[in-house]
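Structural characterization, general
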Amino acid sequence: MENCIFCKIVAGDIPSPRLYEDDKMIVIRDIEPKAKLHYLCIPKQHFALLSEMDEGRAEIVKHVFQTISTLEEQLGLQGGYRVIINQGEDGGQTVHHLHIHLLGGEKLSDF
Ligand code: AMP
Ligand code: ZN
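In this report, the structure presented in the accompanying data block is examined. As a convention, each chain's residues are numbered from 1 in the sequence order in which they are written. Written order decides the labels, with chains lettered from A and ligands numbered from 1. Selection of residues for local features in this predicted model requires a pLDDT of at least 70, selection of side-chain atom pairs for listing and counting requires 80 or more, and totals for whole chains, interfaces and linings are taken over all residues. Based on all heavy atoms of the structure, the side-chain values leave hydrogens and waters out of the count.

**Brief notes about the coordination of the zinc ion (ligand 2)**
The rule for donors is simple: N, O or S, within 2.8 Å of the metal, or within 3.2 Å if the metal is Na, K or Ca. Water isn't counted, so a site may look like it is missing partners. Around the zinc ion (ligand 2), the protein supplies Cys4 (SG), Cys7 (SG), His46 (ND1) and His97 (ND1) as donor atoms, at distances of 2.0 to 2.3 Å. Binding-site remark: the zinc ion (ligand 2) is held by donors from one chain whose sequence spacing is C-x2-C-x38-H-x50-H. Placement of the pair is Cys4 in the segment before α1 (5-11) and His97 in the loop between α3 (88-91) and β5 (100-104), with a sequence separation of 93 residues. Each helix is a run of H or I in the DSSP string that is no shorter than four residues. Each strand is a run of E no shorter than two, and both are numbered from the N terminus.

The following block contains the structure:
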């Protein structure tokens, strides 16, 4: 997708160290961390919203969550973490390429 910053990161056009990568997803650090540890899990396929879900995308989202569960230790999230998916205007989504925030490394405040 043209002009999508996460598509550019996935393609390697914008350099961003990958903490994990496979054929369906990457994990990078958020450039403006909102917690001691703040990761972004980004599917390689571009779509913006959960409402655009189809069977193929559901498989990708399932894969992302299964992978997250195997990365907890490697990412330093053994103490727990928060999972956030911002959706659309009211959800505060600023990058319109679906991504899953993982926040942890400290006791997070209530929200
Ligand atoms: P959201 O507001 O849910 O769309 O989240 C977008 C996130 O992407 C924000 O937390 C930004 O700090 C982060 N972000 C934007 N550009 C980059 C980048 N080049 N590398 C890493 N994270 C980024
Ligand atoms: Zn994209």
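**What to know about the side chain of Asp22**
Positionally, Asp22 belongs in the loop between β1 (20-21) and β2 (25-29). Among the polar contacts made by the side chain of Asp22, one reaches the main-chain amide nitrogen of Lys24 at a distance of 2.8 Å. The contact criterion used is simple: two residues touch if any of their non-hydrogen atoms lie within 4.5 Å. Apart from residues lying up to four places away in sequence, Asp22 is in contact with Lys44, His63 and Thr67. Any pair of N or O atoms that falls within 3.5 Å is considered a polar contact. Within protein, one atom must be able to donate a hydrogen and the other to accept it, and sequence-neighbouring residues count only if both atoms are side-chain atoms.

**Some details on the layout of surface pockets**
Using a probe with the size of a water molecule, rolled over the atoms, empty space left in the structure can be pinpointed. With a 1 Å grid spanning the protein atoms alone, the term cavity applies to any set of points in which a 1.4 Å probe fits but cannot get out, the term pocket to an open set with protein on both sides within 12 Å along at least five of seven lines, and the term lining residue to any residue with an atom within 4 Å of a point. Grid points are joined across faces, edges and corners, and a volume is the space filled by probe spheres set on the points. Each pocket or cavity is described by its volume, and for the largest pocket that value is around 620 Å³. If you trace the largest pocket, you find 27 residues lining it, with Asp30, Ile31, Glu32, Leu40 and His101 closest to the centre. When residues in the lining of the largest pocket are grouped by element, the largest group, three residues, is from α1. When residues are grouped by polarity, Ala, Val, Leu, Ile, Met, Phe, Trp, Tyr, Cys and Pro land in nonpolar, Asp, Glu, Lys and Arg in charged, and all others, Gly among them, in polar. Of the residues belonging to the lining of the largest pocket, the class tally is 14 nonpolar, eight polar and five charged.

**Quick word on the pattern of salt bridges**
When a carboxyl oxygen of Asp or Glu lies within 4 Å of a side-chain nitrogen of Lys or Arg, that pair is called a salt bridge. Throughout the structure, instances matching the rule amount to four salt bridges. Ionic pairing is found between Glu52 and Arg57, a salt bridge with its closest N-O pair at 4.0 Å. Exposure remark for Glu52: the relative accessible area of 31% places this residue in the partly exposed category. Given a relative accessible area of 18%, Arg57 falls into the buried group. Salt bridges sharing partners connect three or more residues here, namely Arg18, Glu21 and Lys44. The rule is simple: take the accessible area with a 1.4 Å probe, protein chains only, and divide by the maximum for that residue type; under 20% is buried, over 50% is exposed, in between is partly exposed.

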